[in-house]
Amino acid sequence: MFFFVKFGFLLSLYINLKLTNMKRTLLWAFCSLFAIFVSAQQPVDTAVKPDRTEALPNMIRLNYGLGIMTSKFEDVGATYNSSSVATLSLDYEHLWDNGLGFGIHASQNHFSKPNCNVLFVGGSFVATWTTDKGWRWEGALGMGFARNDLEQRDQENGLGLLTILGCTYKLSPHWGIGADLRQLTSIYRKPAGWEGRYGFNHYQLGIGLAYLF
């Protein structure tokens, strides 16, 4: 802007010295309009750039984890006391201004013994803490529907209980990577003669990609 002010001053001085009154008036008007147009074209950066450390209210996360079953389970006369587990999960979480919120979770959990899957869909209560370094720490307690594919009609559908402890590091204002520890317990109707709770309980460590908005 300083350049245009200086240019206008010199141009007006030249006009006063060299031109007639009519030409001087027309040229002065033209220069004034040109200066207004140029000033209007100067970009004004009023947009607030998102901060990588800002606590955004929504998150979608895709997670993959490996774990181990810690419960006893019986299938077609065989009893299993342990099993490796592979889990693919999808989570959505919404937070309020105080860092508390709710989540919706879906996961497929594959047990190597007895070679079956447990599908879980449910909701949760979520508590989070976001630091000024871009870390988002969280804990969640959830409950929902669990179903296995062992084709035992009386024991296919049950109750699922979910616990999550984890963190996400924001690489940018909207993208992050994270890791968590999860426990999923699925409880089904007991077979005849079974003592204690019947179902799967497993722990897993997982990593995932998160989108925050």
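Just so it is clear, the model here is predicted, and its values are computed rather than measured.

*Asks:* Looking at this structure, I do not really get a nonpolar patch on the surface. What am I missing?
*Replies:* Nonpolar side chains collect at one region of the surface, where Ile-60, Leu-62, Tyr-64, Leu-66, Leu-88, Leu-90, Leu-171, Trp-175, Ile-177, Leu-209, Tyr-211 and Phe-213 lie side by side and expose about 1200 Å² of accessible area between them. When residues of the nonpolar patch are traced back to their parent elements, those giving at least two are β1 (58-69), β4 (83-95), β9 (175-188) and β10 (198-212). At 4 residues, the largest contribution of residues to the nonpolar patch is made by β1. Here Tyr-211 shows up in strand β10. We classify Tyr-211 as partly exposed; its relative accessible area is 32%.

*Asks:* When you look at the pattern of salt bridges in this model, what are you seeing that I'm missing?
*Replies:* Opposite charge on two side chains makes pairing possible when the charged atoms of those side chains draw close. By the definition in use, this model includes 8 salt bridges. Across the salt bridge formed by Glu-93 and Arg-61, the nearest N and O atoms sit 3.1 Å from each other. Remark: Arg-61 occurs in strand β1 and Glu-93 occurs in strand β4; sequence separation between them is 32 residues. Judged by relative accessible area, which is 0%, Glu-93 ranks as buried. Salt-bridge contacts for Arg-136 lead to Glu-138; the nearest nitrogen and oxygen are separated by 2.9 Å. As far as burial versus exposure is concerned, Arg-136 and Glu-138 are alike and both buried.

*Asks:* Hey, could you run me through the nonpolar core in this one?
*Replies:* Generally speaking, soluble globular proteins have nonpolar side chains that are buried together. Membership of the largest hydrophobic core is limited to 12 residues, which are Met-69, Phe-73, Val-85, Phe-111, Cys-116, Val-118, Ala-146, Leu-150, Tyr-188, Trp-194, Tyr-198 and Phe-200. Filtering out sequence-adjacent residues up to four positions away, Val-118 remains in contact with Ser-107, Gln-108, Asn-109, Phe-111, Ala-146, Arg-147, Asn-148, Ser-186, Tyr-188 and Phe-200. Core analysis: the second largest hydrophobic core is formed by 7 residues, Leu-95, Phe-120, Leu-162 and Ile-164 among them.

*Asks:* How should I be thinking about unusual backbone geometry in this particular structure?
*Replies:* Note on backbone geometry: most residues besides glycine have negative phi, and most peptide bonds are trans. In this structure, the amide linkage connecting Lys-113 to the following residue, Pro-114, adopts the cis form with an omega of 10 degrees. Assignment of secondary structure puts Pro-114 in the loop between β5 (100-111) and β6 (116-130). The backbone of Asn-115 shows a phi angle near 55 degrees, a positive value even though the residue is not glycine. Along the chain, Asn-115 turns up in the loop between β5 and β6. Note on Asn-115: relative accessible area 56%, which makes it exposed.

*Asks:* Which parts of the structure should I look at to understand the sheet that holds strand β7 (residues 135-148)?
*Replies:* Backbone hydrogen bonds hold the strands of a sheet together, and the pairing may be parallel or antiparallel. Ordered by their spatial adjacency, 8 strands build a closed barrel running β1-β4-β5-β6-β7-β8-β9-β10, and the pairing between neighbours is antiparallel. If you compare each strand with its neighbour and ignore which way they point, the axes differ by 25 degrees on average. Pairing of β6 with β7, which is carried by 13 bridges, proceeds in the antiparallel orientation. Across the sheet, residue Trp-129 finds its bridge partner in β7, namely Trp-137.

Rules behind the numbers
Residues numbered from 1 in each chain as written. Predicted model: local features only at pLDDT ≥ 70, side-chain atom pairs only at ≥ 80, totals over all residues. Heavy atoms only, no water. Patch = residues over 30% accessible without salt bridge, like charges linked within 9 Å, V, L, I, M, F, W, Y side chains within 5 Å. Areas by Shrake-Rupley, 256 points an atom, 1.4 Å probe, with all protein chains shown as cover. Salt bridge = Lys/Arg side-chain N within 4 Å of Asp/Glu carboxyl O. Helix = DSSP H or I, 4+ residues; strand = E, 2+ residues; numbered from the N terminus. Buried < 20%, exposed > 50% of the residue type's maximum accessible area, 1.4 Å probe, protein only. Core = buried A, V, L, I, M, F, W, Y, C linked by side-chain atoms within 4.5 Å. Contact = heavy atoms within 4.5 Å. Pairing = 2+ DSSP bridges. Axes fitted to C-alpha atoms, helices over the stretch in contact; angles between N-to-C directions.

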